[in-house]
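Survey of secondary and tertiary structure
Listed below are the residues making up each chain.
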Amino acid sequence: MGQNQQIQTPDEELELRSIYDLYKFFITECPSGSLYLHEFKRMFGVQNGTPEAQYMDNIFRAFDMNHDNTMDFLEYVAALNLVLRGKPENKLKWSFKVFDGDDNGYLDRRELQKIVMIIYRIKKGSMSNEAGIENLTPGQVCARIFEEVDVNNDGELTVLEFLEGAQRSPWLQSFLHFEVNPSGWISKDFENQC
């Protein structure tokens, strides 16, 4: 074996094989090498003009790390890694980025209200308190989030306030929880390996 060659473990070989299979799937779905928003929505079966479409716009923007309005293969792999294997703290940071519409590092009431409305429609109007009895309006949900998370009461949420607030509030964790089915993102063979 040459001096610069490294011995790969079986796990590393599986990872390399998985990445190669994932790349084949990606390039088949996106022959240009770039995943555009309309293709991203198509992978999930999301139609324009729906609450889900607005949410997908925000998700796509959050994964488009270089802001070129496409997702290249590396951004795609980073997204998959977060969805399939990401730590809760990283998922919360990513959620904050999705919610931060103007990308200024803060969530104001307007941004939070917009995303709460989208989530409210996706969850078909069923957001309740801890006891699960009282059905909350989007305005009540927004107020509740600020009450629990905005520790300095300045009307804006920082990423740190958001992370700490979500980690100590089971109600907020429940509100933010979505079952994510990545089957539209990856081939069946790769999904079975994760």
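For clarity, every value in this text was computed on a predicted model and none was experimentally measured. (Residues numbered from 1 in each chain as written. Predicted model: local features only at pLDDT ≥ 70, side-chain atom pairs only at ≥ 80, totals over all residues. Heavy atoms only, no water.)

Quick look at the overall build of the protein chain
Worth spelling out the cut-off: The helix count covers DSSP runs of H or I at least four residues long, the strand count covers runs of E at least two residues long, and both are numbered beginning at the N terminus. For the exposure calls, accessible area comes from a 1.4 Å probe over protein chains only, and a residue counts as buried if that area is under 20% of its type's maximum, exposed if over 50%, partly exposed in between. By the convention used here, residues are in contact when the closest approach between their heavy atoms is within 4.5 Å.
Scanning the protein chain from terminus to terminus reveals ten helices and two strands. Along the protein chain, from the amino end to the carboxyl end, the secondary structure elements read α-α-α-α-α-β-α-α-β-α-α-α. Among the 194 residues that make up the protein chain, the fraction classed as buried is 39%. Across the protein chain, the fraction of contacts at a sequence separation of at least 24, relative to all contacts at a separation of at least 6, is 57%.

A short note on the packing of helix 5 (residues 88–99) against helix 8 (residues 159–168)
Put simply, the rule is: Note on geometry: axes are C-alpha line fits, over the in-contact stretch for helices, and angles between N-to-C directions span 0 to 180 degrees. Roughly parallel means an angle under 35 degrees; roughly antiparallel, over 145; roughly perpendicular, 65 to 115; everything else is oblique. The handedness criterion is simple: a crossing whose near helix is rotated anticlockwise from the far helix by less than a right angle is left-handed, and one whose near helix is rotated clockwise is right-handed. Residues are grouped as follows: Ala, Val, Leu, Ile, Met, Phe, Trp, Tyr, Cys and Pro are nonpolar; Asp, Glu, Lys and Arg are charged; every other residue, Gly included, is polar.
Where helix 5 contacts helix 8, the two axes come as close as 10 Å, and the packing angle between them is 130 degrees. Here helix 8 runs oblique to helix 5, going by the angle between their axes. The two elements helix 5 and helix 8 meet at a crossing, and its hand is right-handed. Contact residues: helix 5 offers Glu-89, Leu-92, Lys-93, Ser-95, Phe-96 and Phe-99, while helix 8 offers Val-159, Phe-162, Leu-163, Ala-166 and Gln-167. When its residues are assigned to classes, the contact of helix 5 with helix 8 shows seven nonpolar, two polar and two charged.

Side note on the pattern of salt bridges
Heads up, the condition is: By salt bridge we mean one thing: a side-chain nitrogen of Lys or Arg within 4 Å of a carboxyl oxygen of Asp or Glu.
Per the stated rule, a full pass over the model turns up six salt bridges. For the salt bridge of Lys-24 with Asp-21, the shortest nitrogen-to-oxygen distance reads 4.0 Å. Of this pair, Lys-24 and Asp-21 both sit in helix 1 (residues 10–29), separated by three residues, roughly a single helical turn. According to the relative accessible area criterion, Lys-24 is partly exposed, its value standing at 40%. Taking relative accessible area as the criterion, Asp-21 reaches 23% and is therefore assigned partly exposed.

A word on unusual backbone geometry
At Asn-69, a residue that is not glycine, the phi angle is positive and equals roughly 65 degrees. Tracing the backbone through its elements, the reader meets Asn-69 in the loop between helix 3 (51–63) and helix 4 (73–85).

Looking at the side chain of Thr-70
Where we set the bar: In the analysis that follows, any N or O atom pair within 3.5 Å is treated as a polar contact, provided that within protein one partner can donate a hydrogen and the other can accept it, and provided that, for residues neighboring in sequence, both atoms belong to side chains.
Considering the arrangement of structural elements, one finds Thr-70 in the loop between helix 3 and helix 4. Within polar-contact distance, the side chain of Thr-70 engages the side chain of Asp-68 at 3.0 Å. For Thr-70, the contacting residues outside a window of four places in its chain are Ser-34, Leu-35, Tyr-36, Phe-60, Asp-64 and Glu-75.

Remarks on the side chain of Asn-58
Tracing the sequence through the fold places Asn-58 in helix 3. Side-chain polar atoms of Asn-58 contact the backbone oxygen of Val-98, separated by 3.5 Å. For Asn-58, the residues in contact, after removing those within four places along its chain, are Val-98 and Ile-115.

Focus: the UniProt feature "domain: EF-hand" (unreviewed entry) in the protein chain
Using the following cut-off: UniProt positions are given in the numbering used here, feature names are shortened, and annotations may be inferred rather than shown by experiment.
When the UniProt feature table is mapped to this numbering, "domain: EF-hand" (unreviewed entry) covers residues 51–86, 87–122 and 137–172. Segment residues 137–172 splits into 69% helix and 8% strand. End C-alpha atoms: 15 Å apart.

What about the nonpolar core?
Across soluble globular proteins, you tend to see nonpolar side chains buried next to one another. Put simply, the test is: In these notes, a set of buried Ala, Val, Leu, Ile, Met, Phe, Trp, Tyr and Cys residues joined through side-chain atoms within 4.5 Å is what counts as a nonpolar core. How far each domain reaches was decided by an automatic or database domain assignment.
The biggest cluster of nonpolar side chains holds 46 residues, and the ones touching the most others in it are Tyr-76, Phe-99 and Ile-145. Two domains each provide a minimum of three residues to this core, namely domain 1 (15–85) and domain 2 (87–181).

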